[in-house]
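# Geometric and topological summary
Okay, here's what each chain looks like letter by letter:
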Amino acid sequence: MTGTGRDHTFQEIRPVQSLHAPAFEFAEVTGRGDFAEHDRRLEELAREAAAAAASETALVLAPPVAEFGEMSLDLGSDDEDLLEDARANATAQEYDLALELLDEYLRAHPEHQEGRYLRAWCLYHLNGQGQLEALRILRPLRDEPPADDGLRDRIRELRRELRRRLTPPEVTAYTQSVRTDPRGALARVEAFLELAPEEGTLSYLLALGQARGGDLERALDTAERGAAQADVDGEQVAAFARRLRLALLAPHAAPAVSAFKTGDLDRARRELARMDPRWRRSLVVDDFDAYLALLLGRTDRRAAPPAPRLPADRTEDLYSLIADADGQRAADLMRAGHAEQAERLLAHVLALVPGFPWLNFLYAACLYRLLRDPDRAAACARIALRDPTLTQARELLETIRSWQEASLVNPVVDEYVAAMESVRGGVSVERLGELRRRLAELERVLPTLSSSVRSETGAQIVRELGQAIGQRLVEVADAMVVGGLYEKYDRLMSTVKGGISDARDADRLGHALDGIAAEIKSTRKAARKGAGDQLDELAALVSSRRAEVEKVKAGIQVSALVRRFNELAEQQSQTLARLRADPYTVRSRLSGILEDARRLRRDAKRTLDSRDQTLLDELISTISRTLR
């Protein structure tokens, strides 16, 4: 019998990852004068329209009670009766009958405001295409001076409810058809906008589509008119109008901008003065001229330029006028894989407009792509956060912070991984001791490392590393205990590689195994789950070996009894020996063998294999017959 030992593999269950900056897909490549976001905004508006339609809840409008009095015409008694009956039927929800009366009444008095309002009211309640007709009826009433304040409020209320119901389907229809039939889609949204000019989203959609088609002047007119008339989403269309005006203004201001970039501030002001009056009379041009004057008044022109003395939105417009084209060119270079060229361009322009969030965003992304100057990249990303429309700015800043911290965190993680790899595939108590030393050294580094990281991702990696090291140290301690017992077992089993020669060897091995089993049992009481499972496996192995020892011992004892019997029988088979032997001595010796055989049969019943048991039974039977 040979000792078989076990390969004790200490494996990492939950590996700690290095700190890698997340993959950053650069999507913010549009400038303030570029309208490439058309498709993205269409998708957003389609989702918003679908959500608005799904959550539609009918507005409870006040019934059209007859309290307005006569508003615009001196009617005869018959006409008064028609109008009165129409009011009564509308209030009673007899809308079809009320419409018949109103049609007759309005043929005689087509401009009557209350009559038209009542007709729209009835069509609204009949749903279907009648609601669009109701909005069409109410459109002129929006601009007519009302004869009564109460009627004006009711017209406004009914129009608002009709717009709320009808606008989302129109937005959805536009977004679904604009790619396949752009002209038809624009014509439809323009027609509906005429009925609902208060809906800023419609003006935005129409202006965006016109701009995408290249008609910027018409788009600007649409956006400015929409911003003036909208009472819903007006800020969105007003912001778009600003962008359009800047896009149209940029070619006319280009000579002044070019002079500014070369440092010829006097020529830049002269170029502004020579602009076409149509474009010169613009707030952003006035702001540019004032900024040039501010720069010319500096005593030290080599110092960094001061920020414009303007509100944030006007500063944004001024920066856009100066640097949008350069930003778009840099973005195109980055998309084409020419980050080095983009970096040089952006570095030059940012010196002129250091507070421009969009250019700072581009520069931060460019430095990250080049893996250059992480501190400058982080500073630029923080400036980009000032512009809420730069939706990737937060993601970029977190990515750069991860990049900054990777150089601090990753060497520690790499050492942890290397330490764990040193015991992959099998360990000894000595190797476990070395692993424990390396892990303890890493654990001492963690407080300093934790105070150095700033991002949540980095802090999370350090926390996970600390937890992993702590867990591994516990496991190593358990593994060293288990490994020591395994090594003790292996050393014991190695002593019997040549087999067991007699019962005394078997007893010695059995007692030694019993000692190991007792140690395992004592250790098992305080062991954790992982170590406990391994100790249970070792205990089962020791128990199995102990049973094998008993079986081998029993086989040796059977062989010894058979040998004793055979020796006695061989002696008695010789004539001279048989004449000299004392019959009583022979019988006594046979009885002794029989007694030993029966005792072994009784005591070792469970440890005898079938061959030894059969042999022992035959021996008992043979001796028993002989002694009769």
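Owing to the predicted nature of the structure, the values given are computational and were not obtained by experimental measurement.

## Overview of the overall build of the protein chain
- A count of helical and extended segments in the protein chain gives 25 helices and zero strands.
- Sorting the 628 residues of the protein chain into buried and exposed places 44% on the buried side.
- At a minimum sequence separation of 6, the contacts of the protein chain that also span at least 24 residues come to 70%.
- In the structure as shown, the protein chain presents an accessible area of about 32300 Å², 50% of it carried by carbon and sulfur atoms.

## Regarding the pattern of salt bridges
- If you walk through the whole model with that rule in mind, you get 38 salt bridges.
- When the shortest N-O distance is used, the salt bridge between E198 and R163 registers 3.9 Å. With E198 in the loop between α7 (182-195) and α8 (200-212) and R163 in helix α6 (residues 149-177), this residue pair connects regions lying 35 residues apart in the sequence. The same class applies to E198 as to R163, namely buried.
- As a salt-bridge pair, E224 and R245 come within 3.0 Å of each other at their nearest N and O atoms. You can see E224 sitting in helix α9 (residues 216-229) and its partner R245 sitting in helix α10 (residues 234-261), a full 21 residues away along the chain.

## Topic: the confidence of the model for the protein chain
- Here the protein chain averages 81 in pLDDT, while 85% of its residues score no lower than 70.
- Scored below 50 in pLDDT, residues 1-15 makes 43 contacts in the model with residues more than four places away or belonging to other chains.
- Below a pLDDT of 50 lies the segment residues 29-33, which in the model reaches 20 contacts outside its immediate sequence neighbourhood of four places, other chains included.

## What about the packing of helix α5 (residues 130-143) against α7?
- Their axes nearest at 8 Å, the elements α5 and α7 cross at an angle of 55 degrees. Judged by the inter-axis angle, α5 sits oblique to α7. Contacts between α5 and α7 pair L132, L135, R136 and R139 from the former with F192, E194 and L195 from the latter.
- Its residues assigned to classes, the contact of α5 with α7 shows four nonpolar, no polar and three charged.

## Describing the nonpolar core
- If you look at the biggest cluster of nonpolar residues, it comprises 73 residues, and the most contacted ones within it are L244, F260, F288, L359 and I400.
- The leading source of residues in this core is α10, at 13 residues.
- Discounting residues that sit within four places of it in the chain, I400 has contacts with A364, Y368, P374, A377, A378 and A381.
- If you look at the next biggest cluster of nonpolar residues, it comprises 41 residues, including L99, L106, C122 and L162.

## Concerning the environment of R611
- Summarising the element assignment, R611 is placed in helix α25 (residues 610-626).
- Judged by its relative accessible area of 57%, R611 falls in the exposed class.
- On a C-alpha basis, the gap between R611 and G555 in space is 9.1 Å, while along the polypeptide they are 56 residues apart.

## Some remarks on the packing of α7 against α8
- Two elements in contact, α7 and α8, have axes separated by 10 Å at closest approach and are oriented at 145 degrees. Crossing handedness for the pair α7 and α8: left-handed. Where α7 abuts α8, its residues L186, V189, E190, F192 and L193 lie against L202, S203, L206, G209 and Q210.
- Partitioning the contact of α7 with α8 into residue classes produces six nonpolar, three polar and one charged.

## Points about helix α11 (residues 265-273)
- Buried within α11 we find L265, A268, E271 and L272. Down the axis of α11, the buried set is contained in an arc of 115 degrees. They therefore lie on one face.
- In this structure, the buried side of α11 is in contact with α10, α12 (277-280) and α13 (283-296).

## A few points about the packing of aromatic side chains
- Counted according to the given criterion, the structure contains seven aromatic pairs.
- Ring centres of Y204 and F240 lie 5.1 Å apart, and the angle between their planes is 65 degrees; this geometry places the pair in the edge-to-face category. Of this pair, Y204 sits in helix α8 while F240 is found in helix α10, placing the two residues 36 residues apart along the sequence.
- Looking at Y204, the relative accessible area reads 5%, which means it is buried.

## Some remarks on helix α3 (residues 95-108)
- Taking 1.5 Å per residue, 14 residues should reach 20 Å; α3 reaches 20 Å between its end C-alpha atoms and fits that length.
- If you check which residues of α3 are buried, you get Y95, A98, L99, L101, L102, Y105 and L106. Down the axis of α3, the buried set is contained in an arc of 165 degrees. They therefore lie on one face. Away from the buried face of α3 by more than 90 degrees, exposed residues D96, E100 and R107 are located.

The rules behind each value
Residues numbered from 1 in each chain as written. Predicted model: local features only at pLDDT ≥ 70, side-chain atom pairs only at ≥ 80, totals over all residues. Heavy atoms only, no water. Helix = DSSP H or I, 4+ residues; strand = E, 2+ residues; numbered from the N terminus. Buried < 20%, exposed > 50% of the residue type's maximum accessible area, 1.4 Å probe, protein only. Contact = heavy atoms within 4.5 Å. Areas by Shrake-Rupley, 256 points an atom, 1.4 Å probe, with all protein chains shown as cover. Salt bridge = Lys/Arg side-chain N within 4 Å of Asp/Glu carboxyl O. pLDDT = per-residue confidence, 0-100. Axes fitted to C-alpha atoms, helices over the stretch in contact; angles between N-to-C directions. Parallel < 35°, antiparallel > 145°, perpendicular 65-115°, else oblique. Nonpolar A, V, L, I, M, F, W, Y, C, P; charged D, E, K, R; others polar. Core = buried A, V, L, I, M, F, W, Y, C linked by side-chain atoms within 4.5 Å. Left-handed = near helix turned anticlockwise from the far one by under 90°. Arc of directions from axis to C-beta. Phe/Tyr/Trp six-rings, centres within 6.5 Å; stacked < 30°, edge-to-face > 60°. Expected span 1.5 Å × (residues − 1).

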